[in-house]
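# Examination of the molecular architecture
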Amino acid sequence: MQWIVTDGIELEVGDDGFFFSSEPNIDGERIDLSPIGRSITVVIPDEPVRAIKAREAVLSLDMSAQEPVAAALEVAGWFRSHRFCSRCGDRARRHLQELAMLCDHCGHRNYPRLSPCVIVIVTKDDQVLLANHKRGKTPVYSVLAGFIEVGESAETAVIREVKEEAGIWVDDVSYVGSQSWPFPGQFMLAYHAKWKEGELKPDRSELADLQWFDKSALPIIPPPGTISRLMIERWLDGKLS
Ligand SMILES: [Zn+2]
């Protein structure tokens, strides 16, 4: 068994599933999520096992091994914020067969939801566009990202987001991959886009800095385990078309 502690909620991740071990808000009982049917094996480096923060737990794993931990964290946060019916306001309870919160008063079922985001690596000839985000409060430079708005396709969101944050137009938008990012509820859809026209005009409300970088002079980039890092590494390896 291994433990992940996040915001006071303890998640025990083992071979048979993931569990909440001390969540007083859910009827004071230990919640067994194994009926969901996920078999989970998580190996966290740095044995012996220790309590670590959720983000650290996710980043300590290869992207291919992150999914069960992301699922556990997502469900923990979802239970905590869906204790009342969103239709009638009555108290909801956990559905016994499904991963859902059920309202006995009106019958409404609430399922976990994700918020889709686009994350985009923009290239221009042999350069890449990277930004230092104000909210990060670190020297790390990353690719651009934002939520998909109601009614948008992911490709439309890529073009809009880059225009809003960087002031430039892009095209040749192509899919790279995806990552569930439970901090909270984000589902990252990764794209590569190529500069089309315009000069950089950074959105100063979000970005501390924004620049085109050469491969030989990259700034500090995001840590392994993030799709941003994966995209930058693929670009460095010449694997982005
Ligand atoms: Zn209801």
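For the structure itself, consult the block above.
The sections below set out a description of the structure shown in this document. (Residues numbered from 1 in each chain as written. Predicted model: local features only at pLDDT ≥ 70, side-chain atom pairs only at ≥ 80, totals over all residues.)

## What about the environment of Tyr191?
Within the secondary structure layout, Tyr191 lies in strand S12 (residues 186–197). For Tyr191, a count of 25 C-beta atoms within 10 Å translates into the label buried. Aside from chain neighbours lying at most four places away, what touches Tyr191 is Val118, Val120, Ala154, Val158, Val173, Ser174, Tyr175 and Val176. (Helix = DSSP H or I, 4+ residues; strand = E, 2+ residues; numbered from the N terminus. Buried ≥ 20, exposed ≤ 12 C-beta atoms within 10 Å, placed from the backbone. Contact = placed C-beta atoms within 7 Å.)

## Topic: the sheet that holds strand S6 (residues 101–102)
Spatially, S5-S6-S7 is the arrangement adopted by the three strands of the open sheet, whose pairing is antiparallel. Among the strands making up the open sheet, the edge pair consists of strand S5 (93–94) and strand S7 (109–110). Strand direction decides the pairing type here: S6 and S7, joined by two bridges, are antiparallel. The partner of Leu102 across the bridge, within S7, is Arg109. (Pairing = 2+ DSSP bridges.)

## A few points about helix H3 (residues 154–166)
Here H3 contains 13 residues, and its C-alpha end-to-end distance of 18 Å stays within 8% of the 18 Å for a straight helix at 1.5 Å per residue. If you check which residues of H3 are buried, you get Ala157, Val158, Ile159, Glu161, Val162, Glu165 and Ala166. Where H3 is buried, its residues touch strand S8 (115–124), strand S9 (127–133), strand S10 (144–147), strand S11 (169–181), S12 and strand S13 (207–214). Of the residues flanking the end of H3, it is Gly167, one or two places downstream, whose phi is positive at about 80°. (Expected span 1.5 Å × (residues − 1).)

## Focus: the pairing of S11
With 10 bridges joining them, S11 and S12 adopt antiparallel strand pairing. Within S12, the position partnered with Ser174 by the bridge is His192. In this antiparallel pair of consecutive strands, S11 and S12, the connection spans four residues, and Gly185 shows a positive phi of 65°.

## Considerations on the pairing of S9
In summary, the side chains of a regular strand alternate between the two faces of the sheet. Looking at chain direction, S8 and S9 are connected through three bridges and run antiparallel. By the bridge assignment for S9, Lys124 is matched with Gln127. Summarising the sheet, S9 and S13 pair through seven bridges and their orientation is antiparallel. Looking at the pairing, Leu130 lines up with Gln211 of S13.

## Examining the nonpolar core
Ranked by size, the top nonpolar core spans 31 residues in total, and within it Val118, Val120, Val122, Val158 and Val162 carry the most contacts. Those elements giving two or more residues to this core turn out to be S8, S9, S10, H3, S11, S12 and helix H4 (227–236). Of the residues forming this core, the biggest block, six residues, is contributed by S8. Residues contacting Val118, with those up to four places away along its chain left out, are Ala145, Gly146, Ile148, Ala154, Ala157, Val158, Glu161, Leu189 and Tyr191. By size, the runner-up hydrophobic cluster in this structure holds six residues, among which are Val58, Ala70, Ala71 and Leu73. (Core = buried A, V, L, I, M, F, W, Y, C linked by C-beta atoms within 7 Å.)

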